[in-house]
Amino acid sequence: MKVFQIKHLLLISFFIFLGSCNIPKHLAPLNNGKETLFSVINFSPVFKGDFNSFLFKTSLTYGTKFEFGGMLMLKQISLDNYRVIFMTKFGMTMFDFEFGSKGFIVHKAFEQLNKKIFLKILKQDIGMLLSQSIEDDKVLVYEKNDGQNNKKVLKFKMNKKTHYFVQEKRNRISEIHRGRAVSLKLSGYFGNIPSFIDIQHHKVPLRMKLTLMKH
Amino acid sequence: MNYYTLLIVAFCCAYNFSLGQSFTYMEDSKKFQANLQSIAQKTTTLKSDFTQIKHLNVLSENIESNGKLYFKSESNLRWEYTAPLDYLIILRKGKVTIKDEGKVSSYDLSGNKTFQKINEMLISSIKGDLLVEQSDYKYEFKESLNSFLVIMLPKEKKVQEFLKSIKIYFLKKDYSVEKVQMMEQSGDYTLIKFKNKKINESISDQTFIIN
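Below is a short write-up of the structure. In this text, all values refer to a predicted model and were calculated from it rather than measured experimentally.

So, how was this worked out
Residues numbered from 1 in each chain as written. Chains lettered and ligands numbered in written order. Predicted model: local features only at pLDDT ≥ 70, side-chain atom pairs only at ≥ 80, totals over all residues. Heavy atoms only, no water. Contact = heavy atoms within 4.5 Å. Buried area = accessible area lost by both parts, 1.4 Å probe. Salt bridge = Lys/Arg side-chain N within 4 Å of Asp/Glu carboxyl O. Polar contact = N/O pair within 3.5 Å; in protein donor to acceptor, adjacent residues only side chain to side chain. Nonpolar A, V, L, I, M, F, W, Y, C, P; charged D, E, K, R; others polar. Helix = DSSP H or I, 4+ residues; strand = E, 2+ residues; numbered from the N terminus. Expected span 1.5 Å × (residues − 1). 1 Å grid on protein atoms, 1.4 Å probe; cavity = no way out; pocket = protein on both sides within 12 Å on 5 of 7 lines; lining within 4 Å. Points joined across faces, edges and corners; volume = space filled by probe spheres on them. Buried < 20%, exposed > 50% of the residue type's maximum accessible area, 1.4 Å probe, protein only. Pairing = 2+ DSSP bridges. Phe/Tyr/Trp six-rings, centres within 6.5 Å; stacked < 30°, edge-to-face > 60°. Lys NZ or Arg CZ within 6 Å of the ring centre and 35° of its normal.

1. Considering the interface of chain B and chain A
Taken together, the 24 residues of chain B in the interface contact 22 residues of chain A. The contact between chain B and chain A buries some 2000 Å² in all, and 63% of this surface belongs to carbon and sulfur atoms. When the area that chain B buries against chain A is broken down by residue, the three leading residues are B:Val58, B:Leu85 and B:Phe162, summing to 29%. Applying the counting rule to chain B against chain A returns four salt bridges. Between A:Lys214 and B:Glu61 there is a salt bridge; the shortest N-O distance is 3.2 Å. Applying the counting rule to chain B against chain A returns 10 residue pairs in polar contact (both at pLDDT 80 or more). Its residues assigned to classes, the side of chain B that touches chain A shows 11 nonpolar, five polar and eight charged.

Following this line, the structure appears as structure tokens:
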């Protein structure tokens, strides 16, 4: 009986360990989550509702291998459709994507960027920022106190992968994580819009930094 | 002046303006090219402010940037964005130096044919010297009352995917470049308008060095 209990406990702790491996280190441990659904009460999407366009100064770096500088335009064109266009400072369009009800559409991608893996990464990263179609999805809400602020951590599945939102006052999203692989930090809020967005990959040296220029 | 006279004057002004802007094929494009080349050869320096307008069909308003350019013969170019972002690019002695957010990076153009072509293209467009590689573009020459227009149509399929045409507008009065428009296949375009041009005024070599 004792052997069974020990095995059982080991098995449980192994699964807890596996689960916690996926949690960004600084958010662990997450205890006593309340299961609920995404709603306007607990979630405010970053770029939704006003159909404005947002222009960001953008740098895209891959270690020391390449660095692209330019401007990224993000616009909600209909209720569930967004257009994301990245152009060089000289105005040349490097990529033009649509995220919407018909899925992910590549309207244009400069030859050097038109690689399956690269498009997949951009689709996932920008998809995290837009967080479309998660309303009414299940979410686990955790209360956290880092000694200074009360925060909420929202754990949910998007595209079959575990994601985390870290929310501060008024449901403002300060961090978005896809497991431990990718993290987005949003700061310098101007109204409901973050002035700085830092997208950092942790398994590859890919980083995208966005600084709000105009909205 | 009564209302009707005012209306007639306004109509005539608008009609004259539209005449001034309507382009027809140039009668003597060889003479134009010879004049342009001769002026380009005499252009040793050029200073100008510029406004860059990016038009995206999906956006209701254009994205506008402003800056300054300095050119000094043979091939020194300082292209500087001042608003809404600070960004500086200098082409000098076969090198391109970029300053972005205080970070300076340099690249040697000698090993990069694409950069070399961009370099040639930029300087030729600014000087108005069209004797760039004729094998890469088909040229069309047009004129209106006040301007000459050269339309460059890329021949390479890869370039065509991104660039439908480059339109360079020259002022008839001094053959200086008035604006450059880069048309994309989608109908989006980038328009660069030059103003406050100063030709053959002294420019210090220091202008082309980033400290």
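2. Concerning helix α2 (residues 116–130) of chain A
Its 15 residues give α2(A) an end-to-end C-alpha distance of 21 Å, which sits within 8% of 21 Å, the value for a rise of 1.5 Å per residue. After α2(A) finishes, the residue A:Ser131 shows a positive phi value of roughly 40°.

3. Section: the layout of surface pockets
Residues and elements named next belong to chain A. Here the second largest pocket defines a volume of roughly 480 Å³. What lines the second largest pocket is a set of 21 residues, and nearest its centre among them are Lys-123, Gly-127, Gln-132, Met-158 and Asn-159. If you list the elements that add at least two residues to the lining of the second largest pocket, you get β5 (93–100), β6 (103–109), α2, β8 (150–158) and β9 (161–167). The element contributing the most residues to the lining of the second largest pocket is α2, with five residues. Classifying every residue of the lining of the second largest pocket by side-chain character gives five nonpolar, nine polar and seven charged.

4. Details of the pairing of β5(A)
The two faces of a sheet get side chains in turn, since along a regular strand they alternate between them. All names here are of chain A. In terms of burial, β5 is largely enclosed, as seven of its eight residues are buried. One ladder, built from six bridges, connects strand β4 (residues 81–88) with β5; its direction is antiparallel. Among the inter-strand pairings, Phe-86 is bridged to a residue of β5, identified as Phe-95. Adjacent in sequence and paired antiparallel, β4 and β5 are bridged by four residues, among which Gly-91 carries a positive phi angle near 100°. With six bridges connecting them, β5 and β6 associate as antiparallel partners. Note that in β6 the partner of Glu-98 across the bridge is Ile-105. Here β5 folds back onto β6, and the loop between the two strands holds two residues.

5. A few points about empty space enclosed by the protein
All names here are of chain A. If you walk through the whole model with that rule in mind, you get three cavities of 30 Å³ or more. Size it by volume and the largest cavity reaches roughly 50 Å³. Lining the largest cavity we find Pro-45, Lys-48, Leu-79, Asp-80, Tyr-82, Leu-130, Ser-131, Gln-132, Ser-133 and Glu-135. Partitioning the lining of the largest cavity into residue classes produces four nonpolar, three polar and three charged.

6. A short note on the packing of aromatic side chains
For the coordinates displayed, the defined rule picks out 25 aromatic pairs over all chains. Residues A:Phe99 and A:Phe104 carry aromatic rings whose centres are separated by 5.1 Å and whose planes lie at 55° to one another, so their mutual orientation is tilted. Take A:Phe99: its relative accessible area is 5%, and that puts it in the buried class. In this structure A:Phe104 comes out as partly exposed when scored by relative accessible area, which is 24%. Here the aromatic rings of B:Phe148 and B:Tyr175 are separated by 5.1 Å at their centres, their planes lie at 45°, and the arrangement is tilted. You can see B:Phe148 sitting in strand β9 (residues 147–154) and its partner B:Tyr175 sitting in the loop between β10 (165–171) and β11 (177–183), a full 27 residues away along the chain. Comparing B:Phe148 with B:Tyr175, the two get one shared label, buried. Looking at B:Lys142, its charged tip hangs above the ring of B:Tyr25, at a distance of 4.8 Å from the centre. When the ring centre of B:Tyr169 is taken as origin, the NZ or CZ atom of B:Lys179, which lies over that ring, is 4.6 Å away.

7. Digging into the side chain of A:Thr162
Residue and element names in this part refer to chain A. Relative to the assigned elements, Thr-162 resides in strand β9. Polar contacts involving the side chain of Thr-162 include one to the side chain of Lys-157, which spans 3.3 Å. Excluding anything up to four places from it in sequence, Thr-162 contacts Asn-22, Lys-155, Phe-156, Lys-157, His-177, Arg-178 and Gly-179.

Structural measurements only, silent on function.
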